[in-house]
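Commentary on secondary and tertiary structure
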Amino acid sequence: MAAPLLRRRRSAVSAVSVVVEVTDSNAPFLDECVANLLEQERHPDEVLLSVLGAGADTRAAVDSALAAELPFRIRTVAGDVDTGVAQAGGDYLVVVEAGDALAPRAISALA
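The present account deals with the structure reproduced in this document.

The rules we used
Residues numbered from 1 in each chain as written. Predicted model: local features only at pLDDT ≥ 70, side-chain atom pairs only at ≥ 80, totals over all residues. Heavy atoms only, no water. Helix = DSSP H or I, 4+ residues; strand = E, 2+ residues; numbered from the N terminus. Expected span 1.5 Å × (residues − 1). Buried < 20%, exposed > 50% of the residue type's maximum accessible area, 1.4 Å probe, protein only. Arc of directions from axis to C-beta. Contact = heavy atoms within 4.5 Å. Core = buried A, V, L, I, M, F, W, Y, C linked by side-chain atoms within 4.5 Å. Polar contact = N/O pair within 3.5 Å; in protein donor to acceptor, adjacent residues only side chain to side chain. Salt bridge = Lys/Arg side-chain N within 4 Å of Asp/Glu carboxyl O.

1. Examining helix α2 (residues 56–67)
For α2, with 12 residues, the first-to-last C-alpha span of 16 Å sits near the 16 Å given by 1.5 Å per residue. Along α2, the residues classified as buried are T58, A61, V62 and A65. The arc that holds the buried residues of α2, viewed along the axis, is 95°, so those residues lie on one side. With respect to the buried face of α2, the exposed residues turned more than 90 degrees away are A56 and A67. Packing partners of the buried residues in α2 comprise β2 (16–22), α1 (30–38), β3 (46–51) and β4 (73–77).

The structure is reproduced here in structure tokens:
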């Protein structure tokens, strides 16, 4: 599993975007990934789900994440992680797979 990618964009606002790669193999862990983001000391400002899987379980996991009431914006992007990165609006960017978990202060350490 690759390490999360962190990127700094130049801006006066310290917004954090998280791009989550969702595949058929890691979709069962998407709820845990979202729960991990909820447990962060500082929540991300937006979460972009880059859905690469086409299975019914993947769609159900994504639909469940989209239907949840969350303190941050969550949406899907049409395309791979690079597309999600391009569409992310945050000053800081974190890229993870649905099976990844961040340390509890990972986002607050960025912004």
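2. Some remarks on the nonpolar core
In summary, soluble globular proteins display a tendency toward joint burial of nonpolar side chains. By size, the foremost hydrophobic cluster in this structure holds 24 residues, and its most contacted members are V18, V20, V22, L30, V47 and L49. Mapped by element, the contributors of at least two residues to this core are β2, α1, β3, α2, β5 (92–97) and α4 (106–110). With 8 residues, the next largest nonpolar core counts V19, V81, A88 and V95 among its residues.

3. Description of the environment of S17
Within the fold, S17 resides in strand β2. Between the alpha carbons of S17 and P44 there is a distance of 5.9 Å; along the sequence they are 27 residues apart. Ignoring sequence-local partners within four residues, the contact set of S17 consists of E46, L48, A88, G89, G90, Y92, L93 and V94. Side-chain polar atoms of S17 contact the backbone nitrogen of G89, separated by 3.5 Å.

4. Topic: the pattern of salt bridges
This model, assessed by the stated rule, comprises 4 salt bridges. Salt-bridge contacts for R42 lead to D45; the nearest nitrogen and oxygen are separated by 3.3 Å. On the basis of relative accessible area, R42 is assigned to the partly exposed category, the value being 23%. When the shortest N-O distance is used, the salt bridge between D63 and R59 registers 3.7 Å. Placement of both D63 and R59 in helix α2 is noted, with a separation of 4 residues, approximately one turn of the helix. R59 sits in the partly exposed class, given a relative accessible area of 42%.

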